[in-house]
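One letter stands for each residue in the lines below.
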Amino acid sequence: MTDYGHDLRFGTFLPAEAANAAEALRLAVRTEDLGLDLTSLQDHPYQGRFLDSWTQLTTIAAHTERISVFPNVANLPLRPPAVLARAAASLDLLTGGRVELGLGAGGFWDPIEAMGGPRRSPGEALKALEEAIAVIRALWSDERSVRFEGEHYRLKGAHPGPGSAHDIGIWVGAIKPRALALTGRLADGWLPSSPYVPPEQLAESNRRIDEAALAAGRRPEDVRRLYNIAGTFRGDSREFLQGPPKVWVEQLAELAVTEGMSAFILMVQAGGDNDLERFAMEVVPAVRELVTAERTGSSHKPEAAAVVLPEPARSPEERPLNPTLATPTPDDGTRLSSVRLWDESERPAGPESDLTAGYSARQRASGQHLIDVHNHLREELRQLRDLVDQVAAGAMDLGRARSMINTMAMRQNNWTLGTYCESYCRVVTTHHTIEDVSLFPRLRAADSRLAPVVDRLEAEHHVIADVLERVDQALVAMVTKPEGIAEVRAATDLLTDTLLSHLSYEERELVEPLSRYNVM
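Residues numbered from 1 in each chain as written. Predicted model: local features only at pLDDT ≥ 70, side-chain atom pairs only at ≥ 80, totals over all residues. Heavy atoms only, no water.

Tallying secondary structure elements over the chain gives 16 helices and 11 strands in all. Here the chain holds 520 residues, and the buried ones make up 50% of them. Intrachain contacts of the chain at a sequence separation of at least 6 include 75% that bridge at least 24 residues. Entry remark: accessible area of the chain is about 23700 Å², with carbon and sulfur atoms responsible for 51%. (Helix = DSSP H or I, 4+ residues; strand = E, 2+ residues; numbered from the N terminus. Buried < 20%, exposed > 50% of the residue type's maximum accessible area, 1.4 Å probe, protein only. Contact = heavy atoms within 4.5 Å. Areas by Shrake-Rupley, 256 points an atom, 1.4 Å probe, with all protein chains shown as cover.)

Below is the structure:
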C-alpha cells in the first residue's frame, strides 16, 4: 500500500483530429469551467488527420485562464529536445506557469521515418529519451551556456532560456521495465494509460519506478503518478470504471491511497459533455473527500460504498415533459433492419424539463412547428416505402421512382447545420421564410447544456444523408440487376429505422428548448 502524498489533480485528454478542432477547444474551455486542473492532447506529428499539438495547445492556452496544458505525450523522434525545451518554456512563460511536458520515446517507426525522423531500436529510443531529458533540463537551467555530447543529441555552447514561469514537470509515458526504471531515475512524473497499463499492473510498475528512484539517490515521492483513464457510466459490471459515479469514486480513491496515483486524466470524445460533467461534478469531489479522509485518519470519513452522490440521471425516455407543450412523437422501438449505424444509448440528453413553467401560445407554437415539419417527413417516408413497393410490383419504372425521390424534402435537405430549419420550414408553409437560419448555434448560445445534443443531431443528419444515398444507389443498381429489389428494400428499411428514431430523439430534446428560448 503506497500513497506518495501528492495533491490530487484531475483533467482531460482531448480529441486531436483536425476535424474536431473547434470541439476540442470547446471541451478544453468546459474542462476549466468545471473546475478541473489539466487538459492535454496526444502528439502524433506524422498523422495527417491530426493538428500539430503545440499549435493546438497554444490556442487552448489562449482561450483559458487557469488550467494547465500538456502534450500527452510529445513524440520525441520528431520533436528535437532543444526546440521542445524552448517551446515548453515559452508557452509556460506566456501563460503564467500553466504548461507541463509529457514526453515519450516514440513508436510507429514507419510513419516517423516517412516524416524524416530516425528509426530507432528499443534500446536506442530509450537512450535518446535519457539524453533528451538532459538536454531539456540543461536549456531550462540558469547557466550561461551549456554543452552536451550524446549519441543522439548534442549541445555545443547553447544558451539556455527563456526562463519558464514555474518548474515544468517532465512526465514520461513508460510501460516496459527499462523505461520505468528511467522514469524513476530521471522523470518528474509517470504518465501511463489505463487501456495499456490496467490497474492490476500499477503496483509492479510503481515498484520498478521506486527501486530505480532509490538507487539514483531520489525519493519515490519525487515522481508524481498520473493516469489517463477511460470508462463508461453505463451499466454496473464492477470492472474498472464501468458503472455509475459511485463505482468510479471507489476505484479512483483506492488507486490514490493504495497505488499512489494522484492525477486522473479522462479521455473525452467529441460530444462527450455528459461524461465530462459527471466526472467533474459527481466523481472528482467525492474522490477528493475520500482520499482526504483516508490521509487525515478522520473518524468520520465516509466508506466508499456510502458516498452520497446524486442519483444517476433518468434515461431521456423516462423523463417527464412539461404537459403544456406539444407532445413529441415517441419512438416505439420497432426496427426493420439488423444494421445499426449509431448507438442510441450514447445519445446525450439536455437539461430536464421544467414541469412548472408556463408558456405562451407563441412559445408553444415553436415546439409544435418542429413536430409538424417532422410529420411531413414521416409522411414522405411512407410515400417512399410505397414507391419501393410499386417498383417491386412492376407498377412504376425505376426512373420515375428516382425522380420522385429526388423531389422529396428529405432529399433536398442537405442535412447541414445552418440550413436544416430553412429547408424544413419551406416544406411546411410557403409563407414562412427564414433567412440566414442558424437554429443550432442559437440554441448553443441560449443554453450551453444543449451543445452535446445539437452536436449529436448534426452528426445524425450526415448519417441519414448517407442512408438516402444508399437507397438511390440501390435503385440505380436495379437497372442491370432486377433482383436487386431486396437491396432497395434493405436500404429503405435502414432509412426508416434511422430517420424515425432521429426525429423522435430530436423532438424529445428540442420541443421544450425551442419553446423556452423562442429561437425559431
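There's plenty left to go through after this.
Our next topic: the pairing of strand β5 (residues 101-104). Alternating residues of β5 divide into L101 and L103 and G102 and G104, and every residue in both groups is buried. Relative to β5, strand β4 (residues 74-75) runs parallel, the two being bridged by two bridges. Its bridge partner lying in β5, A74 is registered against L103. A crossover links β4 with its parallel partner β5, the connecting element being helix α3 (residues 81-94), and its sense is right-handed. (Pairing = 2+ DSSP bridges. Right-handed = clockwise from strand over helix to strand, strands pointing away.)

What follows covers the packing of α3 against helix α5 (residues 122-139). Two numbers describe how α3 lies on α5: the axes approach to 8 Å, and their chain directions differ by 45 degrees. When the axes of α3 and α5 are compared, the pair comes out oblique. For the pair α3 and α5, the sense of crossing is right-handed. Contacts between α3 and α5 pair P81, A82, L84, A85 and R86 from the former with A132, V135, I136 and L139 from the latter. Residue classes in the contact of α3 with α5 are distributed as eight nonpolar, no polar and one charged. (Axes fitted to C-alpha atoms, helices over the stretch in contact; angles between N-to-C directions. Parallel < 35°, antiparallel > 145°, perpendicular 65-115°, else oblique. Left-handed = near helix turned anticlockwise from the far one by under 90°. Nonpolar A, V, L, I, M, F, W, Y, C, P; charged D, E, K, R; others polar.)

Membership of the largest hydrophobic core comes to 78 residues, with the highest contact counts inside it found for L103, W190, I229, F279 and V287. No other element matches the 10 residues that α5 contributes to this core. With 18 residues, the next largest nonpolar core counts L377, L384, L468 and L494 among its residues. (Core = buried A, V, L, I, M, F, W, Y, C linked by side-chain atoms within 4.5 Å.)

The next point concerns the sheet that holds strand β9 (residues 189-190). Consider a sheet: its strands pair through backbone hydrogen bonds, and that pairing is either parallel or antiparallel. One open sheet accounts for nine strands, arranged β3-β2-β1-β11-β10-β9-β8-β5-β4; its pairing is parallel. Two strands bound the open sheet, and with one partner strand each, they are β3 (68-71) and β4. Pairing geometry for strand β1 (residues 9-14) and strand β11 (residues 263-267), over five bridges, is parallel. Bridged to F10 within β11 is F264.

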